[in-house]
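Each chain is listed here by its residues.
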Amino acid sequence: MSDQPTRVYENDEIRVFWYADRCQHAKKCVGGSWKAFDLSRRPWIDVNAIPAKELAEIIDRCPSGALRYEWKEQKEGTV
Ligand code: SF4
């Protein structure tokens, strides 16, 4: 099993890691935002389509760990 992400998508705020072989196709991501996650598009994740905070909330719902993220700078005081 590889710890290397299949793809990395990022903007100034957030870095999103995609591990294709872990995806269970539960589509929590697509259901969370079709603007940010569109499996028929390449690249299929658009990190600029919605606010980074919303993106992170959707990624938190991914059941498989196929999507992960890190903030590029500390976001203190935000919930
Ligand atoms: S929510 Fe996670 S497991 Fe489901 S389709 Fe998206 S990346 Fe794959």
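Before going into details, it helps to say that this report is about the structure given with it. Please read all numbers here as calculations on a predicted model, not as lab measurements.

The rules behind the values
- Residues numbered from 1 in each chain as written.
- Predicted model: local features only at pLDDT ≥ 70, side-chain atom pairs only at ≥ 80, totals over all residues.
- Heavy atoms only, no water.
- Helix = DSSP H or I, 4+ residues; strand = E, 2+ residues; numbered from the N terminus.
- Buried < 20%, exposed > 50% of the residue type's maximum accessible area, 1.4 Å probe, protein only.
- Areas by Shrake-Rupley, 256 points an atom, 1.4 Å probe, with all protein chains shown as cover.
- Near = heavy atom within 4 Å.
- Nonpolar A, V, L, I, M, F, W, Y, C, P; charged D, E, K, R; others polar.
- Core = buried A, V, L, I, M, F, W, Y, C linked by side-chain atoms within 4.5 Å.
- Contact = heavy atoms within 4.5 Å.
- Arc of directions from axis to C-beta.

So, the overall build of the protein
Piece 1. Secondary structure assignment for the protein yields two helices and three strands.
Piece 2. Listing each helix as α and each strand as β along the protein from the N terminus yields β-β-α-α-β.
Piece 3. Taking all 79 residues of the protein together, 33% fall into the buried category.
Piece 4. Total accessible area on the protein stands at roughly 5400 Å², and carbon and sulfur atoms take up 46% of it.

Some details on the site of the ligand
Piece 1. Around the ligand, the surrounding shell holds 13 residues, and the nearest of these are Cys23, Ala26, Lys27, Cys29 and Cys62.
Piece 2. For the shell around the ligand, the class distribution of residues is eight nonpolar, three polar and two charged.

A closer look at the nonpolar core
Piece 1. Counting residues in hydrophobic clusters, the biggest one holds 19 residues, and the most contacted among them are Val16, Phe37, Trp44, Ile45, Leu55 and Leu67.
Piece 2. When contributions to this core are tallied by element, the ones reaching two or more residues are β2 (14–18) and α2 (52–60).
Piece 3. By residue number, the principal contributor to this core is α2, which donates five residues.
Piece 4. Not counting residues up to four positions away in its chain, the partners in contact with Phe37 are Cys29, Val30, Trp44, Ile45, Leu55, Ile58, Ile59 and Leu67.

So, α2
Piece 1. Looking at α2, one finds that the buried residues are Ala52, Leu55, Ala56, Ile58 and Ile59. Across the axial projection of α2, the buried residues extend over an arc of 160 degrees, all falling on one side.
Piece 2. Against β2, α1 (28–32) and β3 (67–71) lie the buried residues of α2.

Points about unusual backbone geometry
Piece 1. Residue Pro43 follows Arg42 across a cis peptide bond; omega there is -5 degrees.
Piece 2. Checked against the element boundaries, Pro43 lands in the loop between α1 and α2.
Piece 3. The residue His25 is not glycine, and still its phi comes out positive at about 55 degrees.
Piece 4. Checked against the element boundaries, His25 lands in the loop between β2 and α1.
Piece 5. By relative accessible area, which is 58% here, His25 ends up exposed.

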